[in-house]
Amino acid sequence: MDGGRDAQVNAGDGGDSGVQIHHARRLPDFLQSVNLKYVKLGYHYLISNLLTLCLIPVMAVILIEASQMNPNDIRLLWLHLKYNLVSIVILSAVLVFGSTVYITTRPRSVYLVDYCCYRAPDKLKASFHQFMEHSRLSGVFDESSLEFQRKILERSGLGEETYAPEAMFFIPPRPSMAAARDEAEQVMFGALDNLFANTSVKPKDIGILVVNCSLFNPTPSLSAMIVNKYKLRGNIRSFNLGGMGCSAGVIAVDLAKDLLQIHRNTCAVIVSTENMTQNWYYGNKKSMLIPNCLFRVGGAAVLLSNKSVDRKRAKYKLVHVVRTHKGADDKAFRCIYQEQDNAGTAGVSLSKDLMAIAGGALKTNITTLGPLVLPISEQLLFFATLVFKKLFNKNVKPYIPDFKLAFDHFCIHAGGRAVIDELEKNLQLQPIHVEASRMTLHRFGNTSSSSIWYELAYIEAKGRIHRGNRVWQIAFGSGFKCNSAVWQALRNVTPSVNGPWEDCIDKYPVKLVL
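Residues numbered from 1 in each chain as written. Predicted model: local features only at pLDDT ≥ 70, side-chain atom pairs only at ≥ 80, totals over all residues. Heavy atoms only, no water.

### Overview of the confidence of the model for the protein
The predicted coordinates ought not to be read in detail in places where the model reports low pLDDT. Mean pLDDT over the protein: 86, with 87% of residues reaching 70 or higher. Every residue in residues 1–39 scores below 50 in pLDDT, and together they form 16 contacts with partners more than four places removed in sequence or on other chains. (pLDDT = per-residue confidence, 0-100. Contact = heavy atoms within 4.5 Å.)

Take a look at the structure:
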């Protein structure tokens, strides 16, 4: 390396010609002259296709030997098989039995036919000025709390066109049970109406219904509201997931996947949403004010199917779901906690340890996910670095696998700017990989468990998803949980009708003020 630097200096100053000739004969510094990412990419392709490369010579030898066989050789082979009929019958029976067992016991493919995200009417847009003005006029926040909320908004990554619950636009606000039901109906029915219209699926054809909403769980349940609205069949298997936080959307996918393994030729609908009407915090505890500034109205409806005929029209195939739960640890359990402040006002408190806990949950999740999705080249590099670190040098930094080799697109839960920043840094992603997350946070805010669907819709609207592409959805939630879903595109995916980005995608990406 020192010689390389000397050569550059001597060539630049044009001094002693003998010295220049001496350095010209030295080998070039490949670390400087070769872009290492291309070396790594070549290594990745070599290792990933090693089996194919080894089989090619074997197949070539077999073909050459077969081409050299004469009619007499073929006759001898036939006689050999003819007089070993019992062996052939037994072998055939074993093959048939094995094939039958495999076909009947293999996991059924789960297809994502389509999904729709709810977009609220323009009258519910909440600019920063409106938010702060309504907070001030409500009369419940002191000056310190108002200033705190203003700073959080400015640094949040949210834009001026996110949507707030209708009850919050009244002075004083009207967070009644009736208003909360209205918000739930508008979001869920709005997304479902679009889904049924786009897919031409009849509500009576739905065999499984999973609804997740963390903070609003009335009686009858939200799933019962949907059954009543669309007159779903009486034997529908319906589930209502509550209190599971922003990662519940992936949990709902996992539950629907398991049910689709049991029930043949069935469609499942997932509705992911959050309800803020009765969960807006009207107090002055700083840690409980943050959700007011980040969470906004949103929801998504997803249609899954295990019918083979639906593969032709489906957008994606579900590849993996990996769930991580850190609830056994007290700090993790309480880092997102619904409680009352000293004045008896209820809200959700966010711990200062949240990012560290999220990092630990992410590490556990990707440790499980990595062997399922990473190419063998990355796994070998990781293992080799680990062995070297254990045996020779404990100061060697652990090798961080390149998940960009496993996934083409990333849908990171838009929980806040800090969450996206940390994942971009820790996973060594490029700005384009987190663009969908940042733009979703800017346009729609934190819509909780449905945010990963707004992000996927953004990537589709940009025309970036092509056949064979893999998408990684990753979400964090109270408990504390980190959950991942991996999808593979079955075709070049175009955005659905009435998508959330339909009339504004050309405005994005926008430049964010950091």
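That covers the picture; the talk isn't over yet.
### What about helix 10 (residues 177–199)?
Under the 1.5 Å per step criterion, the end-to-end length of helix 10 is 33 Å for 23 residues, consistent within 8% with the ideal 33 Å. Positioned one or two residues after helix 10, S200 has a phi angle of 60°, which is positive. (Helix = DSSP H or I, 4+ residues; strand = E, 2+ residues; numbered from the N terminus. Expected span 1.5 Å × (residues − 1).)

### A closer look at the nonpolar core
In terms of nonpolar packing, the biggest core is built from 77 residues, with I226, L304, W453 and W487 touching the most fellow members. Considering each element in turn, this core owes the most residues, nine residues, to helix 10. If near-sequence neighbours (up to four positions away) are discounted, W487 is found in contact with L112, V253, L304, Y316, K317, L318, V319, W453, N469, R470, V471 and Q473. Ranked by size, the runner-up nonpolar core spans 53 residues in total, among them A179, L354, I366 and A406. (Core = buried A, V, L, I, M, F, W, Y, C linked by side-chain atoms within 4.5 Å. Buried < 20%, exposed > 50% of the residue type's maximum accessible area, 1.4 Å probe, protein only.)

### Section: the pattern of salt bridges
Where charged atoms from two side chains of opposite charge come close, those side chains can pair. Per the stated rule, a full pass over the model turns up 20 salt bridges. The partner of R313 in a salt bridge is D310, and the shortest N-O contact between them spans 3.2 Å. When its relative accessible area of 33% is taken as the criterion, R313 is described as partly exposed. Salt-bridge contacts for R438 lead to D421; the nearest nitrogen and oxygen are separated by 2.7 Å. Separated by 17 residues along the polypeptide, R438 in helix 18 (residues 435–444) and D421 in helix 17 (residues 417–426) bring together distant segments of the chain. The class of R438 is buried, set by a relative accessible area of 15%. (Salt bridge = Lys/Arg side-chain N within 4 Å of Asp/Glu carboxyl O.)

### Details of the sheet that holds strand 6 (residues 316–325)
The strand order across the open sheet formed by nine strands is 3-2-4-5-1-6-11-10-9, and the pairing between neighbours is mixed. Both outer strands of the open sheet, strand 3 (237–241) and strand 9 (409–412), are each paired with one neighbouring strand and no more. Strand-to-strand, the axes of this sheet are offset by a mean angle of 20°, without reference to chain direction. By the bridge criterion, five bridges tie strand 2 (residues 206–212) to strand 3 in an arrangement that is parallel. Each residue of the ladder has a partner; that of L209, found in strand 3, is S238. (Pairing = 2+ DSSP bridges. Axes fitted to C-alpha atoms, helices over the stretch in contact; angles between N-to-C directions.)

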